[in-house]
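Chain residues, written in single-letter form:
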Amino acid sequence: MSNGPEKSGGPGTLVEQTMVKVNASLPKRYRAEKRFRAYGIISVCLGIFFLAFLLFDIVSKGYTAFQQTYVELEIYFDPEVITPDGSVDPETLRRANYNTLIRESLLYLFPGASGRSERRALGALISNSAPFQLQDMVIQNPGLIGQTSRVTLLASDDADMLAKGKISRQTPESERRLTDMQIAWLDTLEDRGRVEKKFNTAFFTHGDSRDPELAGIWGAIKGSFYMLVVTLALSFPIGVGAAVYLEEFAPKNRITDIIEININNLAAVPSIVFGLLGLAVFLQFFGLPRSAPLVGGLVLTLMTLPTIIISSRAALKSVPPSIREAALGMGASKIQTTFHHVVPLAMPGMLTGTIIGMAQALGESAPLLMIGMVAFIVDVPQGFFDPATVLPVQIFLWADAPERAFVERTSAAIMVLLGFLILMNLFAIYLRRKFERRW
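Conventions adopted
- Residues numbered from 1 in each chain as written.
- Predicted model: local features only at pLDDT ≥ 70, side-chain atom pairs only at ≥ 80, totals over all residues.
- Heavy atoms only, no water.
- Patch = residues over 30% accessible without salt bridge, like charges linked within 9 Å, V, L, I, M, F, W, Y side chains within 5 Å.
- Areas by Shrake-Rupley, 256 points an atom, 1.4 Å probe, with all protein chains shown as cover.
- Salt bridge = Lys/Arg side-chain N within 4 Å of Asp/Glu carboxyl O.
- Helix = DSSP H or I, 4+ residues; strand = E, 2+ residues; numbered from the N terminus.
- Pairing = 2+ DSSP bridges.
- Axes fitted to C-alpha atoms, helices over the stretch in contact; angles between N-to-C directions.
- pLDDT = per-residue confidence, 0-100.
- Contact = heavy atoms within 4.5 Å.
- Polar contact = N/O pair within 3.5 Å; in protein donor to acceptor, adjacent residues only side chain to side chain.
- Lys, Arg positive; Asp, Glu negative; His and termini not counted.
- Charge placed at Lys NZ, Arg CZ, Asp CG, Glu CD.
- Buried < 20%, exposed > 50% of the residue type's maximum accessible area, 1.4 Å probe, protein only.
- Expected span 1.5 Å × (residues − 1).
- Arc of directions from axis to C-beta.
- Phe/Tyr/Trp six-rings, centres within 6.5 Å; stacked < 30°, edge-to-face > 60°.
- Lys NZ or Arg CZ within 6 Å of the ring centre and 35° of its normal.
- Parallel < 35°, antiparallel > 145°, perpendicular 65-115°, else oblique.
- Left-handed = near helix turned anticlockwise from the far one by under 90°.

What to know about a nonpolar patch on the surface
Argument step 1. Together, Leu51, Leu55, Leu418, Phe420, Ile422, Leu423, Leu426 and Ile429 make up an exposed nonpolar region whose accessible area comes to about 690 Å².
Argument step 2. Residue contributions to the nonpolar patch peak at 6 residues, all from helix α18 (residues 405-435).

Now the structure itself:
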């Protein structure tokens, strides 16, 4: 009889002991949860901070590239310099030494620059493109010959950097590219109202150049456009077709398992490996032209195909099986069920994956370096077979340039590239939200 109360009291005692242990561990568990949430918040804040710092650094260095410094001069179009024989033939006008006109205009403003080195330093304040600007003006309007006209000429990159505050006046003369005399001349021109800043249209309308004040991204933008057209035209139908076959029609056996494993592995392969493949296959074996958007598009197609196939298969898997069963139950064939019902419902996810793959391709530079798109290309490409470069490679080239003015153009090109990437990702989000269906 004595064992009865002990047995009946045993479970109650055990429950009480368990509750005591649980209650004793609750504060510790709550503290662990608070620490975990704090770590998560700190991680998010650190990520936002570093991203904001990166964007601030890029914008602070690059926003000045959207303005360019110009110098206004009174140019006397001397007939003895332009047409010494009196002929206004275009070939004669092209052979004229327009540098002499610019030098004479500057010497009129600064007659004290008498020595040869001083005249050379004075002329270095004006861009090397200024003579060609005067040449075009005279060819288009020969009536300027013998007249004096106020002309706004592009300043050199060093003068532009000084006007933008990128060159410190406190720096010793031996450590900067502009001499004290050149700075004094620029200050005089600015005091006379002959220095002004304008929107840098050349940055968006010119190709690359050795002179920073003339360098632009239009050639790189067109090269990127042609390359993405090739990539999209090939990767989207091939990737979607492969995903539909593997997900809807392919038998589940060892061969398809090997194919799926290889697709997943290809998605993790470094992009430069695809560049080596393109160099060996497209350039050396097929003999396609180097640094052409066609070859770049083929290489990036190989790189983006795994991403598109994986995202397209995920979109097909998200379609409920009831859709397939209902279509088959109504007498539709397997092909009709797939292409009339399943694929249209999965298309938003496929398009989203494709756009993300295109954004990844737009930002790639490593595989394109292997096929020669790192070459210095001045002319703007006019087709898929013309030599071209792309925005990431253009940024790479400018970042390696020694001139200080290329620093701001590098940052400005990064801002343009980030703008394109943000727009493409926003478009992907828009498609997903507009066409996505909740099941």
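From this point on, the discussion continues.
Some details on the sheet that holds strand β1 (residues 67-76)
Strand pairing in a sheet relies on backbone hydrogen bonds. The paired strands run either parallel or antiparallel.
Argument step 1. Reading across from one edge, β2-β1-β3 is the order of the 3 strands in this open sheet, with antiparallel pairing throughout. The open sheet terminates on both sides in strands that have one partner only, identified here as β2 (148-154) and β3 (195-199). Shown here is a sheet whose adjacent strand axes are inclined to one another by a mean of 40°, direction ignored.
Argument step 2. Of the pairings in the sheet, the one linking β1 to β2 comprises 7 bridges and is antiparallel in character. The residue bridging Tyr70 from the neighbouring strand is Leu154, located in β2.

What to know about the confidence of the model for the protein chain
Argument step 1. Averaged over all residues, the pLDDT of the protein chain equals 88, while 96% of them reach at least 70.
Argument step 2. Ignoring residues within four places in sequence, the model shows residues 1-8, a span with pLDDT below 50, making 0 contacts including any to other chains.

Observations regarding the side chain of Arg409
Argument step 1. On the secondary structure map, Arg409 appears in helix α18.
Argument step 2. A polar contact of 2.7 Å, which involves the side chain of Arg409, links it to the side chain of Gln68.
Argument step 3. With residues near it in sequence (within four places) discarded, Arg409 still touches Ala65, Gln68, Asn200, Phe203, Pro212, Glu213, Ala215 and Trp398.

Remarks on a positive patch on the surface
Argument step 1. There is a patch of like positive charges on the surface, built from Arg103, Arg116, Arg119 and Arg120.
Argument step 2. When residues in the positive patch are grouped by element, the largest group, 3 residues, is from helix α5 (residues 116-123).
Argument step 3. Residue position: Arg120 is located in helix α5.
Argument step 4. Overall, the relative accessible area of 52% leaves Arg120 in the exposed class.

Focus: helix α8 (residues 180-191)
Argument step 1. Between its first and last C-alpha, α8 extends 16 Å over 12 residues, near the 16 Å set by a 1.5 Å rise per residue.
Argument step 2. Along α8, the residues classified as buried are Gln182, Ile183, Trp185, Leu186 and Leu189. Buried residues along α8 cover an arc of 160° about the axis, so they all sit on one side.
Argument step 3. In the core, the buried residues of α8 are packed alongside β1, α4 (98-109), α5, α7 (157-163) and β3.
Argument step 4. Looking at the residues trailing α8, positive phi occurs at Gly193, about 75°.

Here we look at the packing of aromatic side chains
Argument step 1. Scanning all chains against the criterion turns up 13 aromatic pairs.
Argument step 2. Each ring, one from Phe203 and one from Trp398, has its centre 6.2 Å from the other, and the planes form 40°; the classification is tilted. Note that Phe203 is positioned in helix α9 (residues 202-205) and Trp398 in helix α17 (residues 391-399), a separation of 195 residues in sequence. A single burial state applies to Phe203 and to Trp398, both of which are buried.
Argument step 3. Consider the rings of Phe225 and Tyr226, whose centres lie 5.8 Å apart with planes at 55°: the pair is tilted.
Argument step 4. Members of the aromatic cluster, connected to one another through ring pairs, are Phe66, Phe199, Phe203, Phe204, Trp398 and Phe406.
Argument step 5. The ring of Phe110 carries Arg192 above its face, with NZ or CZ at 5.8 Å from the centroid.

What about the packing of helix α13 (residues 293-317) against helix α15 (residues 334-362)?
Argument step 1. Where α13 meets α15, the closest approach of the two axes is 8 Å, and the angle between their N-to-C directions is 150°. Taken together, the axes of α13 and α15 lie roughly antiparallel to each other. By crossing handedness, the relation of α13 to α15 is classed as right-handed. Between α13 and α15, the residues in contact are Leu300, Met303, Thr304, Thr307, Ile308, Ser311, Ser312, Ala315 and Leu316 and Val342, Val343, Ala346, Gly349, Met350, Gly353, Thr354, Gly357, Met358, Gln360 and Ala361, respectively.

Section: the environment of Leu302
Argument step 1. Note on placement: Leu302 falls in helix α13.
Argument step 2. With 28 residues separating them along the chain, Leu302 and Phe274 place their C-alpha atoms 6.9 Å apart.
Argument step 3. In contact with Leu302, not counting residues within four places along its chain, are Phe274, Leu277 and Phe282.

Here we look at the pattern of salt bridges
Argument step 1. What the rule picks out here adds up to 16 salt bridges.
Argument step 2. For the salt bridge of Asp180 with Arg176, the shortest nitrogen-to-oxygen distance reads 2.5 Å.
Argument step 3. A network of salt bridges, in which partner residues are shared, links Glu72, Glu74, Arg150 and Arg194.

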